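Examining the three-dimensional arrangement
If you want the building blocks of each chain, they are given just below.
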Amino acid sequence: MSQMDDNAVEQSEDDTLILDMLDRFLKSEVKPHVHALEKADEYPSEIVEQMKEMGLFGCLIDPKYGGLGLSARTYARIVERMSAVWMSLSGIINSHLIMAMTVQRNGTEEQKAKFLPRFATGELRGGIGLTEPDCGTDLQAIRTTARLEGDHYVVNGAKTWITNSLHGNCLVLLVKTDPAADPRHKGMSLLISEKGPGFQVSRKLEKLGYKGIDTCELNFDNYRVPADRLVGGVPGRGLQHILGGLELGRINVAARGLGIAVAALDASVAYSQMRKTFGKPICEHQAIQLKLGEMATRVHAARLLVDAAAQAYDRGQRCDMEAGMAKYFATEAGMENSSEAMRIHGAYGYSKEFDIERLYRDAPLLVIGEGTNELQRIIIAKQLIARSPV
Ligand SMILES: Cc1cc2nc3c(=O)[nH]c(=O)nc-3n(C[C@H](O)[C@H](O)[C@H](O)COP(=O)(O)OP(=O)(O)OC[C@H]3O[C@@H](n4cnc5c(N)ncnc54)[C@H](O)[C@@H]3O)c2cc1C
């Protein structure tokens, strides 16, 4: 990573220790295996076991529940580094941590004591079940229902594009506990849902990139969840709870975009000094310099936006505008830098033997997931108006 980028935001000694440990792990245990795992679309089970040992599944969870209690700021740097090596790894912890933080921020004391220590070790691992075949952006249109029968909710419906749902064993599931509620969000709730009878993984989806990690269609057929798994214990607050969690998710996705943008830049800076045309390294051609200049500027700006959003999250303030700006800008930076890196690498950028084509395939997910970039701009504009009354 370039020196200028390392110095873009300051870092505490503790952060430096954690990030150095992570860098060593990524270099020795991950990087040598990425190419084969990604090509085979194989779940990185051994790497996941090491991530558990490093405490990464609990990195944001309060130490009183067995987590590391890191700040979102440090977390964003972890995600950036992981994504620069292999973005799929950051997905394995991201939706898991949204699930965990949703319980930590909104759960009852009993739920926190019961689930957070198991989330922190990775014994219970998973993510968030929101999207359905008919709706993603318009979450209030979900049709999965949870009917209270005695001391259980009985869940029926379908979800799709659910990350970590094959190899994981638990989700927070967004359901309609009152399908007739008006406004619709008042009938929406979240259930902490461990796999059991009636919770079916129908199929693993084939994807352009983001390989190795499992993203699946799910079916719920009279799946029974104990009523005390309703997050917060009060029905009708599910959408509000999950939207708070998505602020963290957007900071994560922004940091992933940054990681891809950094990897594309670093590869291009190195390659353009080695590859010669017309008697000189291509970095001495002005057309390549223009690309490198734009790519480096995007990385620097994205890093500052990601850090500002993470700091706002750490202050506990509403940060959908900051997270939205970071997500929008940094993920577009990932798209643009991976595309420019492909041009700079010429035919080698198109080769499966180099990393560039993977960055190019991984980047587009980021402009879709955790709220599309169209939605982010709408959120930014709405907040801008709300924060600037005349
Ligand atoms: C690899 C992958 C992993 C995923 N993992 C998860 C997961 O773990 N859990 C989960 O719940 N979901 C997950 N998703 C789903 C993801 O969150 C949704 O795809 C995303 O929210 C968009 O929803 P959609 O695909 O239904 O698009 P739609 O909502 O149908 O949107 C289609 C298009 O219309 C635009 N649009 C929609 N509404 C508006 C509007 N009001 N104004 C302007 N434009 C609008 C969108 O921006 C988009 O361009 C994943 C998706 C992918 C690809």
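Residues numbered from 1 in each chain as written. Predicted model: local features only at pLDDT ≥ 70, side-chain atom pairs only at ≥ 80, totals over all residues. Heavy atoms only, no water.

To continue, consider the overall build of the protein. When helices and strands are counted, the protein shows 10 helices and nine strands. Sorting the 390 residues of the protein into buried and exposed places 54% on the buried side. In the form shown here, the protein has an accessible surface area of approximately 17,000 Å², with 54% of it arising from carbon and sulfur atoms. The average position of the 46 basic charges and that of the 50 acidic charges among the side chains of the protein differ by 3 Å. (Helix = DSSP H or I, 4+ residues; strand = E, 2+ residues; numbered from the N terminus. Buried < 20%, exposed > 50% of the residue type's maximum accessible area, 1.4 Å probe, protein only. Areas by Shrake-Rupley, 256 points an atom, 1.4 Å probe, with all protein chains shown as cover. Lys, Arg positive; Asp, Glu negative; His and termini not counted. Charge placed at Lys NZ, Arg CZ, Asp CG, Glu CD.)

What follows deals with the environment of Ile162. Summarising the element assignment, Ile162 is placed in strand β3 (residues 152-163). The exposure class assigned to Ile162 is buried, which follows from its relative accessible area of 1%. A C-alpha to C-alpha distance of 21 Å links Ile162 and Gln104, two positions 58 residues apart in sequence. Sequence-distant contacts of Ile162, that is, excluding residues within four places in its chain, are made with Ile128, Gly129, Leu130, Thr131, Leu171, Asp214, Thr215, Cys216 and Leu218. (Contact = heavy atoms within 4.5 Å.)

The sheet contact formed by strand β2 (residues 145-149) and β3 spans five bridges and is antiparallel. If you follow Ala146 over to β3, its bridge partner there is Val155. Between β2 and β3, which pair antiparallel and follow one another directly, the connecting turn spans two residues, one of which, Gly150, has a positive phi of 65 degrees. Pairing geometry for β3 and strand β7 (residues 215-226), over nine bridges, is antiparallel. Note on β7: the bridge partner recorded for Gly157 is Phe220. (Pairing = 2+ DSSP bridges.)

Attention shifts here to the packing of helix α2 (residues 13-40) against helix α4 (residues 72-106). Their axes nearest at 9 Å, the elements α2 and α4 cross at an angle of 15 degrees. Taken together, the axis directions place α2 and α4 in an arrangement best described as roughly parallel. The hand of the α2/α4 crossing is right-handed. Touching Asp15, Ile18, Leu19, Leu22, Asp23, Leu26, Val30, Lys31, Val34, Leu37 and Glu38 of α2 are Thr74, Arg77, Ile78, Arg81, Met82, Val85, Trp86 and Leu89, all from α4. For the contact of α2 with α4, the per-class residue count stands at 12 nonpolar, one polar and six charged. (Axes fitted to C-alpha atoms, helices over the stretch in contact; angles between N-to-C directions. Parallel < 35°, antiparallel > 145°, perpendicular 65-115°, else oblique. Left-handed = near helix turned anticlockwise from the far one by under 90°. Nonpolar A, V, L, I, M, F, W, Y, C, P; charged D, E, K, R; others polar.)

So, on to the site of the ligand. The environment of the ligand is made up of 17 residues, and the closest members are Thr131, Thr137, Trp161, Thr163 and Thr372. The backbone of Trp161 places a nitrogen or oxygen atom 2.8 Å from a nitrogen atom of the ligand. Here Thr372 contributes a side-chain N or O atom positioned 2.6 Å from an oxygen atom of the ligand. Taking 990 Å² as the accessible area of the ligand by itself, protein coverage stands at 63%. If you list the elements that add at least two residues to the shell around the ligand, you get β3 and α10 (373-387). With three residues, the top contributor of residues to the shell around the ligand is β3. Across the shell around the ligand, the residue classes break down as nine nonpolar, six polar and two charged. (Near = heavy atom within 4 Å. Polar contact = N/O pair within 3.5 Å; in protein donor to acceptor, adjacent residues only side chain to side chain.)

Our focus in this paragraph is the nonpolar core. With 70 residues, the main nonpolar core has Met51, Met82 and Leu89 as its most contacted residues. Looking at this core, the elements that each hand over two or more residues are α2, α3 (45-53), α4, α6 (238-274), α7 (286-314), α8 (320-344) and α9 (356-366). A per-element tally of this core places α4 first, with 14 residues. Excluding residues within four positions of it along the chain, Leu89 makes contact with Leu26, Val30, Pro44, Ile47, Met51 and Met82. Judged by nonpolar contacts, the second largest core, of 26 residues, contains Ile98, Leu116, Leu124 and Leu246. (Core = buried A, V, L, I, M, F, W, Y, C linked by side-chain atoms within 4.5 Å.)

Bringing α3 into the picture now. Among the residues of α3, those classed as buried are Ile47, Val48 and Met51. An end-on view of α3 places all buried positions within 100 degrees of arc, on one side of the element. Turned more than 90 degrees away from the buried face of α3, the exposed residues are Glu46 and Glu53. Looking at the buried positions of α3, the neighbouring elements they touch are α2 and α4. Gly55 sits one or two residues past α3 and shows a positive phi near 85 degrees. (Arc of directions from axis to C-beta.)

The values reported here are purely geometric and, on their own, carry no functional implication.
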